[in-house]
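# Observations on the three-dimensional arrangement
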Amino acid sequence: MTLSHSDQAHGDAPRRPTAAELDEMTTDELATLAANLDDVEIVHNQPKFPIPGTRAEKRAERAVALWFVISAVSGLAFLLAFVFWPYEYVPPTDPGYGVYVLYTPVIGGTFGLAVLALGVGVIAYVKKFFPDEVSVQQRHDGASDELARRTVTAQLVKAGQDTTIGRRKLITRAAGGAAGVFGLGLTVAAIAPLVRDPWEGGDQAALWTTGWRPVDGETVYLRRDTGNPEEISLVRPEDQDPGSMETVFPFRESERGDEEALLHALRRSDNPVMLIRLRPGTPVVQRAGREGFNYGDYWAYSKLCTHLGCPTSLYEAQSQRILCPCHQSQFLATEYARPIFGPATRSLPQLRITVNEEGYFVALQDMDPVGPAFWERRS
Ligand code: FES
């Protein structure tokens, strides 16, 4: 059955069918009724292929299916490349370099194509098979009528009453207190940085210093992190192969046995330093004012990228470059870690090192402020 326009006075809601009438309605009629109940009139609805099974329809079907097949094949290729493609570094002079450098383009290309083809397939399906339809929804200007406003307000009030929250003084007070404390916390968090003085302590303020700062003349050793803070493994020159890099942290004898201090030294974000041993005879350029900061072929640089503070964890021995994986800044280890590529603009701070009479590496002074630039910094 259909509800005629005469069943619906102009501008009024359509007459609601009885349960019996609903039973007799087809799916199309029910869908039209749903639109009408929302004040939507379907003016035109024309299927793209009114006669099923034509050659044009099959062609369109194949075209859409092709995109999904491309997506599936690309997805599979991505999976295989991701698992089986040789990804381990191969120097440009070695066989296999050509295959290695294709790793990222291949997994990126196949993944991108899989997503792209899937998207194009969905769009193609919509364009080729969704019916042409024009619908008009009546616009209602101004505020809702009195009836709608009062009934909706009543619904909201009743919903509140049904939850019995009005009678639950304990809960409302506790919730109010929690919200108040939370709001206060947010306010304090927003205002505190404006009130606190980050330069309290003058030259010894946290932003100027690192854990390498000598205190009361005590020796600061270079140690490695073995996973156990209390296992002190100091670093000696003979521990390191030429062309290698090791991450080191500060250690003081006064902290031996003090687990908290040892852990703090390992975890403090501005402490990690890369100890790099260049190959013998590698030409280097010293920075003016930093001459002698190295010990022979050993150079120590802060591990915090001067761009945004990521760990510059990669050292490429062939080119003597230190790489930051975050935004691909590169620093030259042979030239006081000056940036030669990427967004970083400052050299990595250099730690002045030597070897003491016991044969261990020690730091002679603190580094320049490490990490990203800030307004007041002096270097
Ligand atoms: S943080 Fe290192 S390049 Fe951005």
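Residues numbered from 1 in each chain as written. Predicted model: local features only at pLDDT ≥ 70, side-chain atom pairs only at ≥ 80, totals over all residues.

Tallying secondary structure elements over the protein gives 8 helices and 13 strands in all. Against the 2.2 N^0.38 benchmark of 21 Å for 379 residues, the protein shows a C-alpha radius of gyration of 35 Å, more extended than a compact globule. The C-alpha extent of the protein, read off along each of the three principal axes, is 105 × 70 × 35 Å. (Helix = DSSP H or I, 4+ residues; strand = E, 2+ residues; numbered from the N terminus. Rg over C-alpha atoms; globule rule 2.2 N^0.38 Å.)

Okay, the domain arrangement of the protein next. Its domain assignment divides the protein into domain 1 (5-38), domain 2 (55-135), domain 3 (146-195) and domain 4 (220-365). For domain 2 and domain 3, the distance between their C-alpha centroids amounts to 50 Å. (Domains from an automatic or database assignment.)

We now examine helix 5 (residues 103-129). Note: α-helices contain 3.6 residues per turn, so residues at a spacing of three or four share the same orientation. Across its 27 residues, helix 5 extends 39 Å between first and last C-alpha, which sits within 8% of the 39 Å expected from 1.5 Å per residue. Those residues of helix 5 not exposed but buried are Thr110, Ala114, Ala117 and Gly121. The elements touched by buried residues of helix 5 are helix 3 (55-84). (Expected span 1.5 Å × (residues − 1). Buried ≥ 20, exposed ≤ 12 C-beta atoms within 10 Å, placed from the backbone. Contact = placed C-beta atoms within 7 Å.)

With that settled, consider the nonpolar core. Ranked by internal contacts, the top residues of the largest apolar core, which has 36 residues, are Leu222, Met274, Leu275, Ala300 and Tyr301. Sorting the residues of this core by element identifies strand 3 (220-224), strand 5 (244-251), helix 8 (259-267), strand 6 (273-277), strand 7 (298-302), strand 12 (350-355) and strand 13 (361-365) as the ones contributing at least two each. (Core = buried A, V, L, I, M, F, W, Y, C linked by C-beta atoms within 7 Å.)

Of the pairings in the sheet, the one linking strand 7 to strand 12 comprises 2 bridges and is antiparallel in character. Within the sheet, the bridge partner assigned to alanine 300 lies in strand 12 and is leucine 351. Here strand 12 pairs with strand 13 via 4 bridges, running antiparallel. Note that in strand 13 the partner of threonine 354 across the bridge is valine 362. In sequence, strand 12 turns back onto strand 13 through a hairpin of 5 residues, with glycine 359 there showing a positive phi of about 95°. (Pairing = 2+ DSSP bridges.)

With that settled, the discussion passes to the environment of proline 47. Here proline 47 lies in the loop between strand 1 (40-46) and helix 3. The class of proline 47 is exposed, set by 12 C-beta atoms lying within 10 Å.

Further remarks concern the sheet that holds strand 9 (residues 321-323). Spatially, 8-9-10-11 is the arrangement adopted by the 4 strands of the open sheet, whose pairing is antiparallel. The sheet terminates laterally at strand 8 (314-316) and strand 11 (338-341), the two strands that pair on one side only. In this sheet, neighbouring strand axes are inclined to one another by 35° on average, regardless of whether the strands run parallel or antiparallel. By the bridge criterion, 3 bridges tie strand 9 to strand 10 (residues 330-332) in an arrangement that is antiparallel. By the bridge assignment, arginine 321 is partnered in strand 10 with leucine 332. (Axes fitted to C-alpha atoms, helices over the stretch in contact; angles between N-to-C directions.)

Another aspect to go through is unusual backbone geometry. Unusually for a residue other than glycine, tyrosine 336 sits at a positive phi of about 45°. Structurally, tyrosine 336 is set in the loop between strand 10 and strand 11. Positioned with a positive phi, alanine 337 is a non-glycine residue whose angle comes to about 55°. Mapped onto the elements of the fold, alanine 337 is located in the loop between strand 10 and strand 11. Judged by local crowding, alanine 337 falls into the buried class, with 27 C-beta atoms found within 10 Å.

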